[in-house]
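# Breakdown of the fold
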Amino acid sequence: MSRSDQDDLVFKALADSRRRAILDLLKDAPRTTGELCEHFEKTLDRCTVMQHLKVLEKAELVLSRKEGRTRWNHLNAAPIQDIHARWISSYATHAVKLLSKLKRDLEGD
C-alpha cells in the first residue's frame, strides 16, 4: 500500500468523532472490545463498535491481540505521528514564523 493510500485511511478513520472517542479511550491503556462496547452501550450497539474498530485497525491506529476469548485493543500512535510530521509540523513552523513577524511588526522591532 502506498503512503498516500495509508494517509487516506488514517484521515478517514480520524474523520468520525466516535472513532476519535475510541482512540481517546485507548490513550490511557489498552481495553478489551467488551469494555469499549460497554462504554458506548447507550449510543452504539456492539456491531457498530466492531465496525469502527475495523476501520481503525485498517488504518493501523488500533492493534488488536487475542488472549483466549478476550480481544485487547491497543492504540498505535505511529500513523498519527507520521501525519503530523508530513502535514502539520511544516505548516505549524510556517505559521509560527508568520506570527513572530507579525508580533515584531506590531511592536515596532
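Please refer to the structure higher up on the page.
The notes below deal with the structure included here. (Residues numbered from 1 in each chain as written. Predicted model: local features only at pLDDT ≥ 70, side-chain atom pairs only at ≥ 80, totals over all residues. Heavy atoms only, no water.)

Here helix α5 (residues 78-107) is 30 residues long and its end C-alpha atoms lie 40 Å apart, about the 44 Å a rise of 1.5 Å per residue gives. Taking the largest bend as the criterion, α5 deviates by roughly 45°, centred on Ala85. Looking at the residues trailing α5, positive phi occurs at Gly108, about 80°. (Helix = DSSP H or I, 4+ residues; strand = E, 2+ residues; numbered from the N terminus. Expected span 1.5 Å × (residues − 1). Bend = angle between axes of the 7 residues up to and from the residue.)

What follows covers a nonpolar patch on the surface. On the surface, a nonpolar cluster with roughly 420 Å² of combined accessible area is contributed by Phe11, Trp87, Ile88 and Tyr91. Top element by residues in the nonpolar patch is α5. It accounts for three residues. For Phe11, the location among the structural elements is in helix α1 (residues 3-14). (Patch = residues over 30% accessible without salt bridge, like charges linked within 9 Å, V, L, I, M, F, W, Y side chains within 5 Å. Areas by Shrake-Rupley, 256 points an atom, 1.4 Å probe, with all protein chains shown as cover. Salt bridge = Lys/Arg side-chain N within 4 Å of Asp/Glu carboxyl O.)

Here we come to the sheet that holds strand β2 (residues 62-67). A sheet is described by the order of its strands in space; here three strands give the open sequence β1-β3-β2, paired in antiparallel fashion. Two strands bound the open sheet, and with one partner strand each, they are β1 (31-32) and β2. Set on the sheet, helix α2 (residues 17-28) makes contact with β1, β2 and β3 (70-75); between it and β3 the angle comes to about 90°. (Pairing = 2+ DSSP bridges. Contact = heavy atoms within 4.5 Å. Axes fitted to C-alpha atoms, helices over the stretch in contact; angles between N-to-C directions.)

In short, geometric facts, not functional conclusions.
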